Amino acid sequence: MKRYLKPTIGLVLAAAFVWLIARQIDPAELAHAFAGTDAGWVFAALVAFCGGYACRIARWRAMLARDNPQLTWSDCAGPLLASFAANNVLPFRAGDVLRTFAFNGRLGATSGTVLATLFVERLLDLLMVLVLFGAALAAFGLDASALAGVGSAMLIALGLAILGVLLFPQSFAPLARWGGRLAARVSPRIGEKLNAEIDRGLATLGHLASGSTMARLVAWSLAAWLFEGCVFWFAALAVPGLFAPLAGWLALPVGTLATLIPSTPGYVGTFDYFTVRAMTALGNGQVVATAYALLVHALLWLPPTLAGGAYLLATRTRIPRESMS
């Protein structure tokens, strides 16, 4: 029952947010809002999307280079896109498990190292989203509590906490090693392997926290999220009925933070509802904001799902069983 509790809660919340959107929308008006969508701006958004993922792949390669200096950008591209594709269509964060266990031979890295890079990747992404959220709030003169339910002080505190974890990861070493010792008591064989992976992961975190390495990772992260911001902005320019297309820069952090709410794979409902809220907060109409949310959602979901799925089929990679447990 516990295994299915989170997906069930996510499905219920997704349905609730879809209903909150649908009850205010006339389908005919929504179809009209899509009419006249500028294909040129949609193409520009796709180009920006590719730029953002190119930066994400370069960032991941930089994280793994310590263990495998010969690793190339193309070596990392397929596994990263495959993990995003799996997360977009499967529950239980199957894509994260896939990236941790399924490509170690191709990457020349152990599971502990890959898991450490995923941890840093998530923290860097959250930090960039918080930075962009603060910048958008300042630019548009809005209050954080009206959109995120928390004040600016809480967002600043969260950002500082993330920085602390990124720069001083060894402070969590005692807790990680305690978990390894606990596992060894249950099964010495498993505990020995787990402790070895914990040591490798902690070594990777310590390496990534060094000044020059972390500065490079922050630069790649900022570039990736600025490209993604352009996806939101260009998609807004593609929808002719939007009064304030610059609201796309607010929709980016608000919609992204909404993905932290339990939902379905692909964040159906949660992403869309809060993206609409961000767009209407700056004066855009409800119907056209909904059309925009659906368009930008498709731009973010479809390309990595198709590309990553094609890579999985081409390499005949299977989802590890750990992902479904």
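The structure contained in this document is the topic of the report that follows.

So, how was this worked out
- Residues numbered from 1 in each chain as written.
- Predicted model: local features only at pLDDT ≥ 70, side-chain atom pairs only at ≥ 80, totals over all residues.
- Heavy atoms only, no water.
- Helix = DSSP H or I, 4+ residues; strand = E, 2+ residues; numbered from the N terminus.
- Rg over C-alpha atoms; globule rule 2.2 N^0.38 Å.
- Buried < 20%, exposed > 50% of the residue type's maximum accessible area, 1.4 Å probe, protein only.
- Contact = heavy atoms within 4.5 Å.
- 1 Å grid on protein atoms, 1.4 Å probe; cavity = no way out; pocket = protein on both sides within 12 Å on 5 of 7 lines; lining within 4 Å.
- Points joined across faces, edges and corners; volume = space filled by probe spheres on them.
- Nonpolar A, V, L, I, M, F, W, Y, C, P; charged D, E, K, R; others polar.

What follows concerns the overall build of the chain. Each helix and strand counted, the chain has 15 helices and zero strands in total. Compactness check: the chain gives a C-alpha radius of gyration of 21 Å against a globular reference of 20 Å for 325 residues, within 12% of the reference. Principal-axis analysis of the C-alpha atoms places the extent of the chain at approximately 65 × 40 × 40 Å. The burial tally for the chain puts 46% of its 325 residues in the buried class. Here the analysis covers contacts within the chain between residues at least 6 apart in sequence; of these, 73% occur between residues at least 24 apart.

Our next topic: unusual backbone geometry. For Tyr267, which is not a glycine, the phi torsion comes out positive at approximately 60 degrees. Here Tyr267 is to be found in the loop between α13 (248-258) and α14 (270-280).

The next point concerns empty space enclosed by the protein. The final tally for this structure, using the stated rule, is one cavity of 30 Å³ or more. Its volume calculated, the largest cavity comes out at about 30 Å³. Lining of the largest cavity is provided by Phe119, Val120, Leu123, Val165, Leu166, Pro169, Leu205 and Met214. The set of elements that each furnish at least two residues to the lining of the largest cavity consists of α7 (111-140) and α9 (152-167). The biggest single contributor to the lining of the largest cavity is α7, with three residues. A per-class count over the lining of the largest cavity returns eight nonpolar, no polar and no charged.

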